[in-house]
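# Fold and contact review
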Amino acid sequence: MWIILFFFGAAVGSFLNVLALRYDPERFLLGKHAVGGRSHCSFCHRTLKWYELVPLLSFVIQGGRCRSCKANLDFQYPASELIAGFVAVWTPIMVKSYLALVPEANVWIVSAIWILIFWTFLLLALIDFRLHIIPDELNIFLVILGLVLLVVSPAQPLGNTSFLGAYSLMLGLGDSIWINHLLGALFGLVFVGILIAVTKGRGMGLGDLKLAAILGLIFGWPDIVMILFLAFIIGSLAALGLMAFSKRHMKSKIAFGPYLVLASILVFAFGEKILAGYFSLFGII
Ligand SMILES: [Zn+2]
């Protein structure tokens, strides 16, 4: 069961990687140019046989090379397959551990929504890295998933759907999850909006603004605060690393979307633990 789920996820990852590589901002994300046509080697353009398209296994068996031209295949192929496969297996396990937030009957539907959210995150990160663009198709899809998640979420006291556990109470919660998550969206919008205004758009762009609001809708208040905070820490460290290793300047554009989605996943997985560690560091329980 888990193995089938993993390979199904890996196949989706393979498809997402192709979508990311073929994405053209001028055209619809799932247009014919992206979805149609057989896969081919990006070096010698030979059409690939079915057995060269098995997620992960083909890459491993062929030693990461094209069978005819022997060109080294991009590591992005097996990496996306591995991540998407892992997401398919790991997400339901995590959702089950949040049973306090999710009633038993809803585990699979809630898991399915989160898997779709994380796969969308992967595609978003791959495209943002390559083109510094977040396609609106993905934004709209994430809004829909966020709304469906709210509909299937149980009515918890205090609207508690936070991944920060008891810590979320410190920052206060809205009475209903709808108010709470709309507040999260508003916070993401206002916070990143102010940052763009202050930096005159040199750091982040409109795409980051939209994504921050969407993450606020999906994760709610106060989780969005921690997502933005973590994203800035990870983004700054990555920017320093890039500058140190590749002599890039502060001026070179960095895609912020991947850090936002990475921070979101960290909050989903370890939100409460990260906060607990942070507070114990300063001797506060
Ligand atoms: Zn080739």
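Remember, predicted model here, so these are calculated numbers, not experimental data.

As a further point, take the packing of helix α4 (residues 76-97) against helix α5 (residues 107-131). Running from amino to carboxyl end, α4 crosses α5 at an angle of 155°, the nearest separation of the two axes being 9 Å. Between α4 and α5, the angle falls in the class roughly antiparallel. Note that α4 runs across α5; the crossing there is right-handed. Along its contact with α4, which presents Gln76, Ser80, Ile83, Ala84, Val87, Ala88, Trp90, Thr91, Pro92, Val95 and Lys96, the element α5 presents Val107, Trp108, Val110, Ser111, Trp114, Ile115, Phe118, Trp119, Leu122 and Leu126. A breakdown of the residues in the contact of α4 with α5 according to their chemical character gives 16 nonpolar, four polar and one charged.

Let us look at unusual backbone geometry. With omega at 5°, the peptide bond leading from tryptophan 221 into proline 222 counts as cis. Examined against the element boundaries, proline 222 turns out to sit in the loop between α9 (206-219) and α10 (223-246). Phi angles above zero are rare outside glycine, and leucine 56 is one such case at about 65°. As for its position among the elements, leucine 56 is in the loop between α2 (32-35) and α3 (57-61). Phi at histidine 132 takes a positive value of approximately 55°, unusual for a residue other than glycine. Along the chain, the position of histidine 132 falls in the loop between α5 and α6 (136-152).

Okay, the coordination of the zinc ion next. Every protein donor of the zinc ion is listed here as Cys41 (SG), Cys44 (SG), Cys66 (SG) and Cys69 (SG), and their distances to the metal cover 2.3 Å. Coordination at the zinc ion is tetrahedral: its four donor atoms span angles of 104 to 115° at the metal. The motif formed by the donor residues of the zinc ion, counted along the single chain, is C-x2-C-x21-C-x2-C.

Cut-offs applied
Residues numbered from 1 in each chain as written. Predicted model: local features only at pLDDT ≥ 70, side-chain atom pairs only at ≥ 80, totals over all residues. Heavy atoms only, no water. Axes fitted to C-alpha atoms, helices over the stretch in contact; angles between N-to-C directions. Helix = DSSP H or I, 4+ residues; strand = E, 2+ residues; numbered from the N terminus. Parallel < 35°, antiparallel > 145°, perpendicular 65-115°, else oblique. Left-handed = near helix turned anticlockwise from the far one by under 90°. Contact = heavy atoms within 4.5 Å. Nonpolar A, V, L, I, M, F, W, Y, C, P; charged D, E, K, R; others polar. Donors = N, O, S within 2.8 Å, 3.2 Å for Na, K, Ca; no water. Tetrahedral: all angles 85-135°; square planar, octahedral: opposite > 155°, others 65-115°.

Everything listed is a geometric property; what it means functionally is a separate question.
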